[in-house]
Amino acid sequence: MKVLKSLLLAGAVTFMYACNPAEKKEAESDSSESDSEEVVNEVETSTTEDYVTAMAELSSASGSEVSGKATFTDLGDGTVTFKITLENATPGSHAIHLHQNGDCSADDATSAGGHWNPADVEHGKRAVDMKYHAGDIDNVEVGEDGKGMLEMTIEGWSIGGDESSDILNKAVIIHAGADDFESQPSGAAGARVACGVIKKG
Ligand SMILES: [Cu+2]
């Protein structure tokens, strides 16, 4: 009986102590509730507007002075928008491809390997030919000022998706000449004058 009494007492004491902090908590939770509402709103905004992105900083290769930057945005519907800007390139058309190895360490960027071609098909012109490499993009036009820009939306790419679509850790390569979209296996575009590895971010 004594044990039961002291248990009840202990319970009552716990209850009494619990009272005040509970009131306090209620007051606190009022303000923290509105805080968390704000956070929820931020999260909603970021999921609708902030897509998964990736980028590549391009450095010169094969003794060129070419530099540039490529940015990628995964729209989540099987397409990726792609934008590249170049500086200090020779005026005219330059082939751009994604090559299979994310490795620009060689002076001539041959460390990047051949075109990224997971489907093992012939080289061609994207969206025109029946077959083309996943890494086939287009030519970029460079003006007399050495600057060039190309923007495209590309089907079949992803950022971090399955192996046949994932562009992460591939190399963006700029060539000295234009892609003829016919010569196999890489369009006879000449030396590799810039290289950059695609990284998330
Ligand atoms: Cu190439």
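Note that the structure is a prediction, hence the values are computed from the model and not measured.

Cut-offs applied
- Residues numbered from 1 in each chain as written.
- Predicted model: local features only at pLDDT ≥ 70, side-chain atom pairs only at ≥ 80, totals over all residues.
- Helix = DSSP H or I, 4+ residues; strand = E, 2+ residues; numbered from the N terminus.
- Buried ≥ 20, exposed ≤ 12 C-beta atoms within 10 Å, placed from the backbone.
- Contact = placed C-beta atoms within 7 Å.
- pLDDT = per-residue confidence, 0-100.
- Core = buried A, V, L, I, M, F, W, Y, C linked by C-beta atoms within 7 Å.
- Pairing = 2+ DSSP bridges.

A short note on the overall build of the protein chain
Then, in step 1: Looking only at helices and strands, the protein chain has 1 helix and 9 strands in total.
Then, in step 2: Secondary structure of the protein chain in N-to-C order comes out as α-β-β-β-β-β-β-β-β-β.
Then, in step 3: Looking at the protein chain as a whole, 30% of its 201 residues are labelled buried.
Then, in step 4: Contacts spanning at least 24 positions in sequence make up 59% of the contacts within the protein chain whose residues lie at least 6 apart.

A short note on the environment of glycine 124
Then, in step 1: Inspection of the secondary structure puts glycine 124 in the loop between strand S4 (92-99) and strand S5 (136-142).
Then, in step 2: Other than its neighbours up to four places away in sequence, glycine 124 contacts Asp129, Lys131, Tyr132, Asp136 and Phe181.

Quick look at the confidence of the model for the protein chain
Then, in step 1: In this model, the protein chain carries an average pLDDT of 85, and 76% of its residues clear a pLDDT of 70 or more.
Then, in step 2: The low-confidence segment residues 1-34 (pLDDT under 50) makes 0 contacts with residues lying over four places distant or belonging to another chain.

Observations concerning the environment of histidine 97
Then, in step 1: Within the secondary structure layout, histidine 97 lies in strand S4.
Then, in step 2: Histidine 97 sits 37 residues away from alanine 134 along the chain, and the two C-alpha atoms are 9.0 Å apart.
Then, in step 3: Setting aside residues up to four positions removed in sequence, histidine 97 forms contacts with His115, Gly135, Asp136, Ile137 and Ile173.

Remarks on unusual backbone geometry
Where the residue is not glycine, phi is negative for most of them; where a peptide bond is considered, it is trans in most cases.
Then, in step 1: Going from glutamine 184 to proline 185, the amide bond is cis rather than trans, its omega being 5 degrees.
Then, in step 2: With respect to the element layout, proline 185 can be found in the loop between strand S7 (171-175) and strand S8 (192-197).
Then, in step 3: The phi dihedral of asparagine 169 falls on the positive side, at around 65 degrees, and the residue is not glycine.
Then, in step 4: By the element assignment, asparagine 169 lies in the loop between strand S6 (148-155) and S7.
Then, in step 5: Of the residues examined, asparagine 169 has 14 C-beta atoms within 10 Å and is grouped as partly exposed.

With respect to the nonpolar core
Then, in step 1: Core analysis: the largest hydrophobic core is formed by 36 residues, its most contacted members being Phe72, Ile167, Ala171, Val172, Ile174 and Cys195.
Then, in step 2: What isoleucine 174 contacts, discounting residues up to four positions off in sequence, is Leu58, Val66, Gly68, Leu86, His94, Ile96, Val193 and Ala194.

A look at the environment of aspartate 74
Then, in step 1: Of note, aspartate 74 is situated in strand S2 (residues 67-74).
Then, in step 2: The exposure class of aspartate 74 is buried, given the 22 C-beta atoms found within 10 Å.

Looking at the pairing of S8
Consecutive residues of a regular strand have side chains that alternate between opposite faces of the sheet.
Then, in step 1: Among the 6 residues that make up S8, 6 are buried, leaving the element largely enclosed by the rest of the structure.
Then, in step 2: Taken together, the 2 bridges between strand S1 (residues 52-60) and S8 define a ladder with antiparallel strand orientation. Its bridge partner being in S8, serine 59 is matched across the sheet by cysteine 195.
Then, in step 3: Across 5 bridges, S7 lies against S8 in antiparallel orientation. When the sheet's bridge partners are listed, alanine 171 is paired in S8 with valine 197.

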